[in-house]
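Secondary and tertiary structure notes
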Amino acid sequence: MTTLLTPTREGLYCPAGGFYIDPVRPVDRALITHGHSDHARAGHRAVLATRDTLAIMALRYGENFCESAQAVAYGESVNVNSVEATFHPAGHVLGSAQICVWDGKRRIVVSGDYKRAEDPTCAPFEPIRCDVFISEATFGLPVFRHPDARREVGKLLASLALFPERAHLVGAYSLGKAQRMIALIRQAGYDRPIWIHGALEKITEYYQQAGIELGDIRKVTAQDRPNLAGEIILCPPSSIQDVWSRKFPDPVAAFASGWMRVRARARQRGVELPLIVSDHADWDDLRATIRETQCEELWVTHGEADALAHWAATIGLKAMPLHLVGYGDEEEASEAAA
């Protein structure tokens with residue numbers, strides 16, 4: 001194992017640079033790939049991340065989420081002690097980045113969470129050549145092959161046309177998924193107001209301020225709920241089965257997630273309209289990405305790490321599952337607060 005990066009209890013650590021990448025505990029210096037709470041935590045002394053990720057962390061944790069913050073642009077290299085760190089788009093959510101570290105001898109790319117599918121709300125993933133690629137594997141099994149997200153949005157709009165007397169509640173995580181769903185719905189030609197749960201408001205407003213076109217967005221009030229037949233309402237996944245949902249007219253429960261490929265998960269959540277829309281790479285895109293990096297060695301941080309590492313070994317790569325603790329698909333937490 002290279003000593004440029006090494007797995008520790010806190011997360012991936014760079015001894016030469018004196019920094020961690022996406023640490024799960026407070027540290028002196030943290031490089032953060034994106035704003036989801038399993039990767040971006042408050043309490044670090046110094047944080048280096050993209051401008052959007054820093055802004056999202058401030059929205060979620062407050063302006064004092066760290067002692068000092070430094071913003072870095074995509075493609076910009078920053079020297080941290082003797083190590084060069086460069087941030088590249090990951091295509092996961094607004095501001096998400098892969099982090100490339102180089103000590104003049106070896107180049108390691110830490111993917112963070114990423115996807116290869118089109119997303120009008122964030123910069124697309126850029127494959128980076130490297131010696132070692134450190135990848136996620138949330139959907140690292142052959143059963144996970146995500147359909148075109150536009151087809152899934154078509155299913156939502158078809159249901160809306162078929163059941164105009166019913167409100168359509170779409171469970172979507174507050175950072176990234178909700179805004180992507182809104183943008184995809186707009187691309188499909190839907191120009192009516194789209195309603196959102198209050199937990200989605202701050203992040204959605206930030207996306208709009210960042211120049212992401214989302215159209216007419218309205219926050220749901222208690223008085224609105226009985227009158228939203230035939231409307232689309234986005235909310236945290238946990239709100240679909242919460243008392244909050246009961247005042248809507250005969251609601252259709254939809255959930256936008258890669259996990260909706262698994263029918264048992266949809267049934268467990270009481271989802272009537274599963275929408276397979278994921279912000280993570282599926283099995284085919286994980287394998288294609290690994291090949292594109294032309295890496296000689298693969299480490300897999302979390303998810304189906306053993307399966308992806310096994311596949312990588314079959315094509316001649318040195319591969320190792322890390323099973324890092326503390327990371328996972330944040331949608332699964334179904335948090336109702338931004």
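Residues numbered from 1 in each chain as written. Predicted model: local features only at pLDDT ≥ 70, side-chain atom pairs only at ≥ 80, totals over all residues. Heavy atoms only, no water.

A closer look at the nonpolar core
- Ranked by size, the top nonpolar core spans 35 residues in total, and within it V170, M181, I194, Y207, I232, L234 and L275 carry the most contacts.
- Going through the elements one at a time, α2 (149–162), α3 (177–187), β13 (194–196), α4 (201–209), β15 (232–235), β16 (252–256) and β17 (273–275) are the ones with two or more residues in this core.
- The element contributing the most residues to this core is α3, with 6 residues.
- Of the residues that make up this core, three or more belong to each of domain 1 (6–143 + 279–333) and domain 2 (149–275). (Core = buried A, V, L, I, M, F, W, Y, C linked by side-chain atoms within 4.5 Å. Buried < 20%, exposed > 50% of the residue type's maximum accessible area, 1.4 Å probe, protein only. Helix = DSSP H or I, 4+ residues; strand = E, 2+ residues; numbered from the N terminus. Domains from an automatic or database assignment.)

Some remarks on the sheet that holds β15
- In space, the 6 strands of this open sheet follow the order β14-β13-β15-β12-β16-β17, with parallel pairing throughout. The sheet terminates laterally at β14 (217–219) and β17, the two strands that pair on one side only. Taking each pair of neighbouring strands and ignoring which way they run, the sheet shows an average axis angle of 25°.
- Judged from the 2 bridges that link them, β13 and β15 form a sheet pairing that is parallel. Bridge pairing in β15 places W195 opposite I233. (Pairing = 2+ DSSP bridges. Axes fitted to C-alpha atoms, helices over the stretch in contact; angles between N-to-C directions.)

Brief notes about the environment of A305
- Tracing the sequence through the fold places A305 in helix α7 (residues 305–314).
- With relative accessibility at 0%, the residue A305 sits in the buried group.
- C-alpha separation for the pair A305 and L324, spaced 19 residues apart in sequence, amounts to 9.7 Å.

A word on the confidence of the model for the chain
- Confidence in the prediction of the chain, expressed as mean pLDDT, is 95, and 96% of residues score 70 or more.
- Counting contacts from residues 331–338, a segment whose pLDDT is below 50, to residues more than four positions away or on other chains yields 28 contacts. (pLDDT = per-residue confidence, 0-100. Contact = heavy atoms within 4.5 Å.)

Notes on helix α6 (residues 283–293)
- Within α6, the full set of buried residues consists of W283, L286, T289, I290 and T293. Looking down the long axis of α6, one finds its buried residues gathered within 135° of arc, a one-sided arrangement.
- Summarising the contacts, the buried residues of α6 are in contact with β11 (132–137), β18 (297–303) and α7.
- One side-chain oxygen of the residue at the start of α6 lies 3.3 Å from the amide nitrogen of D284, identifying that residue as D282.
- Q294 occupies a position one or two residues after α6 and carries a positive phi of about 55°. (Arc of directions from axis to C-beta. Polar contact = N/O pair within 3.5 Å; in protein donor to acceptor, adjacent residues only side chain to side chain.)

Focus on the domain arrangement of the chain
- Splitting the chain by domain gives domain 1 (6–143 + 279–333) and domain 2 (149–275).
- Its C-alpha centre places domain 1 at a distance of 28 Å from the equivalent point of domain 2.
- Contact residues are listed per partner, giving 24 residues for domain 1 and 24 residues for domain 2.
- Of the roughly 2200 Å² buried between domain 1 and domain 2, counting both surfaces, carbon and sulfur atoms make up 57%.
- Here domain 1 and domain 2 share 1 salt bridge between them.
- As a salt-bridge pair, D279 and R180 come within 2.9 Å of each other at their nearest N and O atoms.
- Along the contact surface separating domain 1 from domain 2 lie 8 residue pairs in polar contact (both at pLDDT 80 or more).
- Residue composition of the side of domain 1 that touches domain 2, grouped by class: 9 nonpolar, 4 polar and 11 charged. (Buried area = accessible area lost by both parts, 1.4 Å probe. Salt bridge = Lys/Arg side-chain N within 4 Å of Asp/Glu carboxyl O. Nonpolar A, V, L, I, M, F, W, Y, C, P; charged D, E, K, R; others polar.)

Points about the packing of aromatic side chains
- Tallied over the entire structure, the rule returns 7 aromatic pairs.
- An angle of 65° between the planes, with centres 4.9 Å apart, marks the rings of F139 and F144 as edge-to-face. F144 carries the same exposure label as F139, and that label is buried.
- When the centroid spacing of 4.7 Å and the interplanar angle of 50° are considered together, the rings of F139 and W259 count as tilted. (Phe/Tyr/Trp six-rings, centres within 6.5 Å; stacked < 30°, edge-to-face > 60°.)

A word on the pattern of salt bridges
- Under the defined criterion, the tally for this structure stands at 17 salt bridges.
- Between E292 and R116 there is a salt bridge whose closest N-O contact spans 3.0 Å. Linking E292 in helix α6 with R116 in the loop between β10 (107–110) and β11, this pair joins segments that are 176 residues apart in sequence.
- Since its relative accessible area comes to 26%, R116 is described here as partly exposed.
- For D284, the salt bridge is made with R145, and the minimal N-O distance between the two is 3.0 Å.

Quick notes on α4
- If you check which residues of α4 are buried, you get I203, T204, Y206 and Y207. On an axial view of α4, the arc spanned by its buried residues comes to 155°, and they lie on one face.
- Buried-residue contacts for α4 involve α1 (51–61), α3, β13 and β14.
- In the segment just after α4, G211 is the residue with positive phi, at about 95°.

Section: the sheet that holds strand β9 (residues 97–102)
- As summarised here, the arrangement of the 7 strands in space is β7-β8-β9-β10-β11-β18-β19, forming an open sheet in which the pairing is mixed. Each edge of the open sheet is held by one strand with a lone partner, namely β7 (77–80) and β19 (318–321). On average, each strand axis in the sheet is inclined to that of its neighbour by 20°, with strand direction left out of account.
- As paired strands, strand β8 (residues 83–89) and β9 are joined by 6 bridges and run antiparallel to one another. Pairing of F87 across the sheet is with I99, part of β9.
- Across the sheet, α6 touches β11 and β18, and the angle it forms with β11 is around 170°.
- Along the sheet, α7 contacts β11, β18 and β19; its crossing angle with β19, the most-contacted strand, is approximately 175°.

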